[in-house]
Amino acid sequence: MKQLIVFCLCLIATSLIAQDNTNTNLFRQLAQELPSPNTYRTASGAPGHEYWQQQADYKLKITLNDEEKKIYGEETITYTNNSPDDLSYLWLQLDQNVRAKDSDAHLIGTSKIDPNSTSTRTLSRLIPTFDGGFKIDHVKDASGRAMKYVINNTIMRIDLPSTLKAKGGKITFNIKWWYNINNTRQIGGRSGYEEFSDGQRVYCIAQFYPRLCKYNDIEGWQNKQFYGRGEFTLEFGDYELELSVPEDHLVAATGTLQNESSVLSSEQRRRLSEAKKSYVQPVTINTLDESLENSKEVSTKYKTWKFKAENVRDFAFATSRRFIWDAMGVKMSDGSTVMAQSMWVPEGDCLWKKYSTKAVAHTIKWFSHYTFDYPYPVAWSIDGSMGMEYPMICFNYGRCQSDDTYSKRIKYGHIGVIIHEVGHNWFPMIVNSDERQWTWMDEGLNTYVQYLTEQQWERNYPHRRGPADKITNYMGGDKSRISPIMTNSESIWQFGNNAYGKPATALNILRETVVGRELFDHAFKEYSNRWKFKNPYPADFFRTIEDASGVDLDWFWRGWFYTNDHVDQTLASVNHYNMNSGNPAAEKERAKKMRDEGPQNISTLRAKDIAQTYDEMDTTLRDFYTTYDPLESDVLDDDEYQQFLNNLSPGEKELLNNGKQYYELTIENSGGLMMPVILQFTYVDGTTEDFRIPAEVWRFNPEKITKVFPTDQEVEKIVLDPYLEIADVNTDDNSYPRERTPSRFEAFKNKKPRATRENAMQRANRAKKKKELKP
């Protein structure tokens, strides 16, 4: 028994020793965090020579019943199995089922009631009354035989009658269904309808058909349930849509319209043709007056709009009789023209006619600049009173106030959401990341390029996200409510900050501070081009950026993406030194001056109050030491100095006489995140000099470093992170000498209300313009 106890103790001791030897250096490589490279995904971050992905092609026939507020649909799907695996079943997404009465989405959400503010929308989630979700009529094979299927909440498994062979096997099958369309203002949702006071509706419709889950080399089937937050993971394919809507409706959709002459008037076709050649100002296709006139009567007849889209991962459409419509062309680098288009309702006319289509065109230009040319023929912005994206079409917000003005917040919110949602055409509609698993890979990257695009819109654009100082309140907050970026979509605290703001800021810091613009822009473009129309995962992004920039960033990915640490650098101390000249006479003279002109201690000052000391009364007490001043130069000093000079090399003599000042700085890091050290010295003559030290300076001590800076003249002020570019959560301790910053309360007191004044100025300007236009 004693031997057994001793053996167990030895095992425990050995285990503890092994733990003590674990590499915890923050600059270690991401060897354990990233999956091993293989023939599908390489160590450089590129698709491998055996990379594959599935294809799903759809032929859809849809009827939108405006009176019943229902979608009736039938689809024929052709699925191609390009994987190396035989498949015995398929998984499909039934995202509408998230609104079914028995949906798990209702059960997993926590809730509470505030008697003073709880809305009917909140209560409807507590006791679901809306009969949402797909009603599947049938699933049949190409011969019309029923296929066995099982619905599991928001996904459906179809059991195949025979194995679908690997590397090229195809199967075609048919699904028929219908569902009730949700009112987005009452119960929310990423798509649905909005009803206006005149009883008319705008339909922004997406996730309206059963569609294939993705099958890939990372997840197998990505059949994680849809709970409403983690978005969509889809296969590319070709689409054909026949959409029947009331004949007085206009329609915008993914793809190109195939039957213009059947659904548009001759005047609308003429205006659209004119818009294709207009690259500066949009051309109105359906005017405000025509929209209002069209809404006076409701047609009960239907007509069918036909669209085609190639190589897209999804499909969406919008339709209403209330739409105003304009369009303009965007010239691409290959000479082709992309049509930037918008449809909106009269309630948003003051904003949309001025900004929407131009924001679409601006986004196409600058996202293409930073990634790759927009490959699709159209890009739509639709007034859907929300923010949601699909291939070639997105639903946005922005409405006028009752006096036909808009606030600054609404203006820039409107422009910003359009740039953001149109930008999603690149991420994830083309660079097709797994949204259900990794929200940041589309939202974060898209928000980053949105920030760059906003900079090109207007100087001093009021960005919400991107600059480092915008994320500091979040990163320095309560750690129990902050998730690492590398967290599944459904489990993220503070979703917007985590999946949008922080990754966008991280990429901006890489571009501006860590890697540099030229190297990072090249690497980001390389990633975008490597993975366009393919399915990247986080390791592919991390590896590509390092591979294409030539910069080891494992420390950065670990800190920013795998932890919830923050940046808090402190300029802890500054010591000023001068070079000792080696000349005893000169050094003594300098020391004597400092002694005589410097502050006197209290004992010396008090001694001056004594009328006469003993040695002053009896001078026989005095000797050599009574009057000896060690700072007085003598002949021995000259001999010592000459000997010192004779022993110096020419280089040492030059260093001795260069007149440099030396500043020893101690910088502390208490936040956990390693970042470059950026300092600005202001000299006594008013000039400044910046010093940029790479983050690797922290590799041996992540908590404190000391570094000496030689300067040509004395320093008056030193500032750490002078351009607010490292996301330091506390800048109060970043200066020497210390500078006081105003508190938030003081800043709030000094802030003056603007909205009322802005609206009044808009009304005055509009009245002035109308007056000027009068004959």
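Structural data are supplied above this passage.
Residues numbered from 1 in each chain as written. Predicted model: local features only at pLDDT ≥ 70, side-chain atom pairs only at ≥ 80, totals over all residues. Heavy atoms only, no water.

Overview of the overall build of the protein chain
Then comes step 1: In terms of regular secondary structure, the protein chain is built from 23 helices and 30 strands.
Then comes step 2: Per-residue burial for the protein chain yields a buried fraction of 50% across its 775 residues.
Then comes step 3: Of all intrachain contacts in the protein chain linking residues separated by at least 6 positions in sequence, the fraction that spans at least 24 positions is 75%.
Then comes step 4: Summing over all exposed atoms, the protein chain offers an accessible surface of approximately 38200 Å²; the carbon and sulfur share of this is 50%. (Helix = DSSP H or I, 4+ residues; strand = E, 2+ residues; numbered from the N terminus. Buried < 20%, exposed > 50% of the residue type's maximum accessible area, 1.4 Å probe, protein only. Contact = heavy atoms within 4.5 Å. Areas by Shrake-Rupley, 256 points an atom, 1.4 Å probe, with all protein chains shown as cover.)

As for the side chain of Asn-564
Then comes step 1: Tracing the backbone through its elements, the reader meets Asn-564 in the loop between helix 15 (554-562) and strand 24 (569-578).
Then comes step 2: There is a polar contact of 3.2 Å between the side chain of Asn-564 and the backbone oxygen of Ile-482.
Then comes step 3: Residues in contact with Asn-564, not counting those within four places in the same chain, are Lys-479, Ile-482, Ser-483, Pro-484 and Lys-502. (Polar contact = N/O pair within 3.5 Å; in protein donor to acceptor, adjacent residues only side chain to side chain.)

Some remarks on the packing of aromatic side chains
Then comes step 1: Counted by the stated rule, this structure contains 51 aromatic pairs.
Then comes step 2: Considering the side-chain rings of Trp-440 and Phe-541, the 6.0 Å spacing of their centres and the 70° angle between planes classify their relative orientation as edge-to-face. One end of the pair, Trp-440, is in helix 10 (residues 440-457); the other, Phe-541, is in helix 14 (residues 538-549), and 101 residues separate them in sequence.
Then comes step 3: Among the residues examined, Trp-440 registers a relative accessible area of 1% and is labelled buried.
Then comes step 4: Residues Tyr-448 and Phe-520 carry aromatic rings whose centres are separated by 5.9 Å and whose planes lie at 85° to one another, so their mutual orientation is edge-to-face. Note that Tyr-448 is positioned in helix 10 and Phe-520 in helix 13 (residues 517-530), a separation of 72 residues in sequence.
Then comes step 5: Judged by its relative accessible area of 0%, Phe-520 is buried. (Phe/Tyr/Trp six-rings, centres within 6.5 Å; stacked < 30°, edge-to-face > 60°.)

Concerning the sheet that holds strand 15 (residues 256-257)
The strands that make up a sheet pair up through hydrogen bonds in the backbone, lying either parallel or antiparallel.
Then comes step 1: Taking strand neighbours across the sheet as the criterion, the seven strands line up as 4-7-2-1-13-17-15 in an open arrangement whose pairing is mixed. Each edge of the open sheet carries a strand with a single partner, namely strand 4 (135-141) and strand 15.
Then comes step 2: Strand direction decides the pairing type here: strand 1 (residues 55-65) and strand 13 (residues 237-246), joined by six bridges, are parallel. Across the sheet, residue Thr-63 finds its bridge partner in strand 13, namely Ser-244. (Pairing = 2+ DSSP bridges.)

Some details on helix 10
Then comes step 1: Here helix 10 spans 24 Å end to end across 18 residues, near enough to the 26 Å set by a 1.5 Å rise per residue.
Then comes step 2: The buried count for helix 10 comes to 15 of 18 residues, which makes it a mostly enclosed element. (Expected span 1.5 Å × (residues − 1).)

Some remarks on the pattern of salt bridges
Then comes step 1: Taken as a whole and judged by the stated rule, the model has 35 salt bridges.
Then comes step 2: Close ionic contact of Arg-322 with Glu-347 constitutes a salt bridge, the shortest N to O distance being 2.9 Å. Note that Arg-322 is positioned in the loop between strand 18 (317-320) and strand 19 (324-331) and Glu-347 in the loop between strand 20 (337-344) and helix 8 (349-370), a separation of 25 residues in sequence.
Then comes step 3: One salt bridge in this structure joins Arg-692 and Glu-725, with 2.8 Å as the shortest N-O distance. One end of the pair, Arg-692, is in strand 27 (residues 688-693); the other, Glu-725, is in the loop between strand 29 (715-720) and strand 30 (735-736), and 33 residues separate them in sequence.
Then comes step 4: Where salt bridges share partners, they join Asp-66, Glu-195, Arg-201, Asp-248 and Arg-321 into one cluster. (Salt bridge = Lys/Arg side-chain N within 4 Å of Asp/Glu carboxyl O.)

Here's the deal with the packing of helix 12 (residues 495-514) against helix 13
Then comes step 1: Where helix 12 meets helix 13, the axes come as close as 6 Å, and the angle between the chain directions of the two elements is 135°. Of the possible angle classes, the one that applies to helix 12 and helix 13 is oblique. Along the contact surface, helix 12 presents Leu-507, Leu-510, Arg-511 and Glu-512, while helix 13 presents Arg-517, Phe-520, Asp-521 and Phe-524.
Then comes step 2: Here the contact of helix 12 with helix 13 is built from residues that sort into four nonpolar, no polar and four charged. (Axes fitted to C-alpha atoms, helices over the stretch in contact; angles between N-to-C directions. Parallel < 35°, antiparallel > 145°, perpendicular 65-115°, else oblique. Nonpolar A, V, L, I, M, F, W, Y, C, P; charged D, E, K, R; others polar.)

A few points about the sheet that holds strand 21 (residues 378-383)
Then comes step 1: Strand order across the open sheet formed by six strands is 16-19-20-21-23-22, with mixed pairing between neighbours. Each edge of the open sheet carries a strand with a single partner, namely strand 16 (283-286) and strand 22 (388-390). Adjacent strand axes in the sheet meet at a mean angle of 20°, parallel and antiparallel pairs treated alike.
Then comes step 2: Pairing of strand 22 with strand 23 (residues 393-396), which is carried by three bridges, proceeds in the antiparallel orientation. Bridge pairing in strand 23 places Tyr-390 opposite Ile-393.
Then comes step 3: Those strands touched by helix 6 (residues 266-275) are strand 16, strand 19 and strand 20, and its axis lies near 155° from that of strand 16.

Some thoughts on a negative patch on the surface
Then comes step 1: A contiguous patch of negative charge on the surface is contributed by Asp-238, Glu-240, Glu-242 and Glu-310.
Then comes step 2: If one sorts the elements of the negative patch by residue count, strand 13 sits on top with three residues.
Then comes step 3: By the element assignment, Asp-238 lies in strand 13.
Then comes step 4: Judged by its relative accessible area of 35%, Asp-238 falls in the partly exposed class. (Patch = residues over 30% accessible without salt bridge, like charges linked within 9 Å, V, L, I, M, F, W, Y side chains within 5 Å. Lys, Arg positive; Asp, Glu negative; His and termini not counted. Charge placed at Lys NZ, Arg CZ, Asp CG, Glu CD.)

Things to note about the nonpolar core
Then comes step 1: One finds Leu-90, Phe-395, Phe-541, Phe-556, Trp-560 and Leu-679 to be the most contacted residues of the largest nonpolar core, which totals 188 residues.
Then comes step 2: If you tally residues by element for this core, the top one is helix 8, at eleven residues. (Core = buried A, V, L, I, M, F, W, Y, C linked by side-chain atoms within 4.5 Å.)

A closer look at the pairing of strand 20
Then comes step 1: The buried count for strand 20 comes to seven of eight residues, which makes it a mostly enclosed element.
Then comes step 2: Across eight bridges, the pairing between strand 19 and strand 20 is antiparallel. By the bridge assignment, Ile-324 is partnered in strand 20 with Trp-344.
Then comes step 3: As consecutive antiparallel partners, strand 19 and strand 20 are separated by five residues, and within that stretch Gly-335 has a phi angle of approximately 90°, a positive value.
Then comes step 4: Of the strand pairs in this sheet, strand 20 and strand 21 are connected by five bridges, and their pairing is parallel. Looking across to strand 21, one finds that Ser-342 is bridged to Ser-381.

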